[in-house]
Amino acid sequence: MHEFNWGLLIVVYLFLGGLSAGLFFAAGLANYLTVDDKPVYAKVARMGALLAPWPVAIGSGLLILDLGNWYRFYKLFLHFRWQSPMSIGSYLLTIFTLIAFVYLFAWLKEDERKWIFSKVPATWKQVHRLNVDISSWREKIAMVGFPFSIGVGIYTGVLLGAVSARPFWNTNLVAQMFLFSALSSGSAALLLAMLLDRKNPIEKHETKFLVTLDVVFISLELFIILPYIIHGQLSSQAVKDALTLILGGPYTVVFWVFFLFLGLLVPLAIEVYELFPSIFKGHEFHGSRRMALTAAGLVLFGGFLLRYIFVYAGQVSSFHRMGLLR
Amino acid sequence: MAIKKKRYALVIDSRKCINCKACVVACKAENKVPVGNFRNRINEERKGEYPKLSINFEPEQCHHCADPSCVRVCPTGASWQRKDGIVLVNYDECIGCRYCMVACPYDARYFNEEEGVVDKCTFCSHRVDKGDIPACVETCPSKVRVFGDLEDPTARIHELLSTRRYRVKEPQTGNGPQLYYLL
């Protein structure tokens, strides 16, 4: 009887927005890590910088297409309503996307930059004035971008969490859950991209860096999902009822089997298995390509499912209709 | 006594409701609501088994909340509230993001596919402004609905709420709903 106001486009957008935030964060972090003042993860940083803006740009496009009147999206920027997460989010998203594109530009090689500007008509003099080398700004841009990437990652959760009418969302853990899921999706996507790039094969220390990053983020995410469920069970009846959606209700299998097990615990196990000998036994890190590919793919799959479950189950949850579920 | 400000509300005596749906039809006709959408509805609740059973009809529509979450979440200010409490949608500003529909605890809003905007009960503000009462209230044959101004001590609604016991739906959402159901 109930129709969903927000559908798959929103799920995809929330996933892509988070993905960009995670990519930017991982790339920016890689940019800062040096050994003896030499950037050891420059390749990771470059790959992340080149990838980061695209998912959020596509996601924003989808978001606009999802509107009832897509051409009215400019009205979002004629108002600023601090009580509306969507209003704050649309500004955050725009600023972040711009920063991510500038950061991409800062990571272009000279010949790539020249190639792009060779496609611009020579009469467009103002555009050609932008053909400058800003690679020395990389660290500064990354530093400015960090809060915005975190902001975008957390905003996708706040968008849902701020809705008091939906008890499945309206807990103070959803925002952090989405943030850490976004960050882990970002590092997994980066790992996947590096593994698939046959021209510049990934090096072992780079795999280790990204796998380690992902283990940290997945663990953080896991320790937010568990309290979300435990806390929810101890919360008011409406939240408890809402949780039946994933505890016996229609989203139980997709949550426990596909998201939590396949999308979170399995990749975590693979990554820990890969890291274990090098951390605890003093062996050298032997990253298996296949293992890393599987883990990264599963993390992305899980990140998408988390958004799917939350967008759909959240809309079903409510204060007065929950009784009908049982 | 001079009336300074207004606060419109609706009292519903659901025990009188016979589920004839005249209010639903009157609303659709008055407000030209598109086919498939409704601004008000009658919830049916069945209980028990024959011969011990009961059925309860409960009309519902926008609660014109005191602190409406739909207005709070709207990114463009298209959802807004008049000083007299009526919650409206400014169709020219609505971008159709449907955040308000997600945020409404009462599922009182619908999406007008043709116009690409969200729409809802207006308490027939065009009629109220002329001194009339909403179409659903006027048409109700069993006088379930009493519309009025809470700030007006001479209004029938004032008397009902002072002398009868009533409840509002889902007060825990903090929206301050203004549809009062008599017990």
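Basis of the calculations
Positions within a chain are numbered from 1, following the residues in the order the chain's sequence is written. Whichever chain is written first is A, and whichever ligand is written first is 1; the rest continue in order. Thresholds applied to this predicted model are a pLDDT of at least 70 for local features of residues and 80 or more for the giving and counting of side-chain atom pairs; totals over whole chains, interfaces and linings are not thresholded and use all residues. Values shown for side chains rest on all heavy atoms present in the structure; no hydrogens or waters enter the calculation. Elements are defined by DSSP. Helices are runs of H or I of four residues or more, strands are runs of E of two residues or more, and each kind is numbered from the N terminus. When we talk radius of gyration, it's over C-alpha atoms, and the globule rule is simply 2.2 Å times the number of residues to the 0.38. Under the scheme applied here, a residue whose accessible area is under 20% of the maximum for its type counts as buried, over 50% as exposed, and between as partly exposed, the area being computed with a 1.4 Å probe on protein chains only. By the convention used here, residues are in contact when the closest approach between their heavy atoms is within 4.5 Å. Where accessible areas are quoted, they stem from the Shrake-Rupley method and a 1.4 Å probe; at the residue level, only the protein chains shown are allowed to cover. The positive count covers Lys and Arg only, the negative count covers Asp and Glu only, and His and the chain ends enter neither. Charge coordinates come from a single atom per side chain, which is NZ of Lys, CZ of Arg, CG of Asp or CD of Glu. Strands are treated as partners if at least two bridges between them are detected by DSSP. Classification of ring pairs rests on two measures: the distance between centres of Phe, Tyr or Trp rings, Trp counted by its six-membered ring, which must be within 6.5 Å, and the angle between planes, read as stacked under 30 degrees, edge-to-face over 60 and tilted in between. In this description, a nonpolar core means a group of buried Ala, Val, Leu, Ile, Met, Phe, Trp, Tyr and Cys residues linked to one another through side-chain atoms lying within 4.5 Å. A cavity here means a set of 1 Å grid points, computed over protein atoms only, where a 1.4 Å probe fits but cannot escape. A pocket is an open set with protein on both sides within 12 Å along at least 5 of 7 lines, and lining residues have an atom within 4 Å of a point. Grid points are joined across faces, edges and corners, and a volume is the space filled by probe spheres set on the points. When residues are sorted by character, Ala, Val, Leu, Ile, Met, Phe, Trp, Tyr, Cys and Pro go into the nonpolar class, Asp, Glu, Lys and Arg into the charged class, and all the rest, Gly among them, into the polar class. Every axis corresponds to a line fitted to the C-alpha atoms, with the helix fit spanning only the stretch in contact, and the corresponding angles, defined between N-to-C directions, vary from 0 to 180 degrees. The quantity reported as buried area is the accessible area (1.4 Å probe) lost by two parts once they are put together, taken as the sum for both. Salt bridge, as used here: a side-chain nitrogen of Lys or Arg that lies within 4 Å of a carboxyl oxygen of Asp or Glu. Pairs of N or O atoms within 3.5 Å make up the polar contacts considered here, provided that, within protein, one atom can donate a hydrogen while the other can accept it, and that residues adjacent in sequence are counted only when both atoms are side-chain atoms. What pLDDT expresses is the predictor's confidence in each residue, scored from 0 to 100.

## Section: the overall build of chain B
So, step 1. Broken down by element type, chain B carries 6 helices and 10 strands.
So, step 2. Computed over the C-alpha atoms, the radius of gyration of chain B is 17 Å, within 12% of the 16 Å expected from 2.2 N^0.38 for a compact globule of 183 residues.
So, step 3. Here the C-alpha coordinates of chain B stretch approximately 50 × 50 × 35 Å along the principal axes.
So, step 4. With 183 residues in all, chain B has 57% of them scored as buried.
So, step 5. Long-range contacts, defined here as pairs at least 24 residues apart, represent 57% of the contacts in chain B between residues at least 6 apart.
So, step 6. Entry remark: accessible area of chain B is about 9000 Å², with carbon and sulfur atoms responsible for 52%.
So, step 7. Positive and negative side-chain charges of chain B, numbering 29 and 24 respectively, have mean locations separated by a distance of 5 Å.

## Concerning the pairing of strand E8 (residues 145–149) of chain B
All names here are of chain B.
So, step 1. Extensive coverage of E8 is indicated by the burial of 5 of its 5 residues.
So, step 2. A two-sided burial pattern is seen for E8, the buried positions comprising Arg 145, Phe 147 and Asp 149 on one face and Val 146 and Gly 148 on the other.
So, step 3. In this sheet, E8 lies alongside strand E1 (residues 8–12) in antiparallel orientation, the contact comprising 5 bridges. Opposite Ile 12, over in E8, you have Arg 145 as the bridge partner.

## Observations regarding the packing of aromatic side chains
Residues and elements named next belong to chain A.
So, step 1. One pass over the full model with this rule turns up 27 aromatic pairs over all chains.
So, step 2. Centroid distance Trp 6 to Trp 169: 6.4 Å. Interplanar angle 25°. Geometry classified as stacked. Of this pair, Trp 6 sits in the segment before helix H1 (8–32) while Trp 169 is found in the loop between helix H7 (138–161) and helix H8 (174–196), placing the two residues 163 residues apart along the sequence.
So, step 3. You can call Trp 6 buried: its relative accessible area is 1%.
So, step 4. Note on Trp 169: relative accessible area 0%, which makes it buried.
So, step 5. Seen in terms of ring centroids, Phe 105 and Phe 117 are 6.2 Å apart; in terms of plane orientation they differ by 75°. Their pairing is edge-to-face. Separated by 12 residues along the polypeptide, Phe 105 in helix H4 (residues 85–106) and Phe 117 in helix H5 (residues 110–118) bring together distant segments of the chain.
So, step 6. When its relative accessible area of 22% is taken as the criterion, Phe 105 is described as partly exposed.

## Let's talk about the nonpolar core
So, step 1. Counting residues in hydrophobic clusters, the biggest one holds 104 residues, and the most contacted among them are Trp 6, Phe 168, Tyr 228, Tyr 251, Phe 259 and Phe 310 of chain A.
So, step 2. At 14 residues, the largest contribution of residues to this core is made by H1 of chain A.
So, step 3. Not counting the four nearest positions on each side in its chain, Phe 259 of chain A is found in contact with Glu 221, Ile 225, Val 254, Leu 264, Gly 302, Leu 305, Leu 306 and Ile 309 of chain A.
So, step 4. Of all hydrophobic cores here, the second largest spans 25 residues; its members include Tyr 8, Leu 10, Ile 86 and Val 128 of chain B.

## Digging into the layout of surface pockets
Residue and element names in this part refer to chain A.
So, step 1. Volume-wise, the second largest pocket comes out at about 340 Å³.
So, step 2. Around the second largest pocket sit 19 residues that line it, and Ser 60, Leu 63, Ile 64, Leu 76 and Leu 93 are the ones nearest its centre.
So, step 3. Where the lining of the second largest pocket is concerned, the elements lending two or more residues are H1, helix H3 (53–66), H4 and H7.
So, step 4. By residue number, the principal contributor to the lining of the second largest pocket is H4, which donates 5 residues.
So, step 5. Residue classes in the lining of the second largest pocket are distributed as 14 nonpolar, 4 polar and 1 charged.

## Some remarks on the sheet that holds strand E9 (residues 166–167) of chain B
Residue and element names in this part refer to chain B.
So, step 1. Across the sheet, 4 strands lie side by side as E8-E1-E10-E9; this open sheet has mixed pairing. Each edge of the sheet is formed by a strand with only one pairing partner; in this case those strands are E8 and E9.
So, step 2. Two elements, E1 and strand E10 (residues 179–182), share 3 bridges in a ladder whose sense is parallel. Bridging from a neighbouring strand, Leu 10 pairs with Leu 179 of E10.
So, step 3. The strands touched by helix H6 (residues 156–163) are E1, E8, E9 and E10; relative to E8, the strand with the most contacts, the crossing angle is about 110°.

## A closer look at the interface of chain B and chain A
So, step 1. Contact residues are listed per partner, giving 33 residues for chain B and 29 residues for chain A.
So, step 2. Area buried by chain B at its contact with chain A is led by Ile 95, Tyr 99 and Val 102 of chain B, which between them contribute 26% of it.
So, step 3. Inspection of the chain B/chain A interface yields 3 salt bridges.
So, step 4. Its salt-bridge partner being Asp 66 of chain A, residue Arg 98 of chain B comes within 3.1 Å of it at the nearest N-O pair.
So, step 5. Connecting chain B to chain A are 22 residue pairs in polar contact (both at pLDDT 80 or more).
So, step 6. Secondary-structure elements contributing two or more residues to the side of chain B that touches chain A are helix H2 (69–73) and helix H3 (99–103) of chain B.
So, step 7. The element best represented in the side of chain B that touches chain A is H3 of chain B, accounting for 4 residues.
So, step 8. For the side of chain B that touches chain A, the class distribution of residues is 17 nonpolar, 7 polar and 9 charged.

## Description of the confidence of the model for chain A
All names here are of chain A.
So, step 1. Across chain A, the average pLDDT comes to 90, with 98% of residues at or above 70.
So, step 2. Of all secondary-structure elements in chain A, the lowest mean pLDDT belongs to strand E1 (residues 34–35), at 81, while H8 reaches the highest, 95.
So, step 3. Across residues 322–326, confidence stays below pLDDT 50; counting only partners more than four residues off in sequence or on other chains, it has 10 contacts.

## Notes on unusual backbone geometry
Residue and element names in this part refer to chain B.
So, step 1. That bond from Tyr 50 to Pro 51 is cis: its omega, 5°, falls within 30 degrees of zero.
So, step 2. The residue Pro 51 is located in the loop between strand E2 (40–49) and strand E3 (52–61) in this model.
So, step 3. The backbone phi angle of Asn 19 is positive, close to 60°, even though this residue is not glycine.
So, step 4. Within the fold, Asn 19 resides in the loop between E1 and helix H1 (22–31).
So, step 5. According to the relative accessible area criterion, Asn 19 is buried, its value standing at 16%.
So, step 6. A positive phi angle, near 65°, is found at Lys 21, a position not held by glycine.
So, step 7. Mapped onto the elements of the fold, Lys 21 is located in the loop between E1 and H1.
So, step 8. In this structure Lys 21 comes out as partly exposed when scored by relative accessible area, which is 36%.

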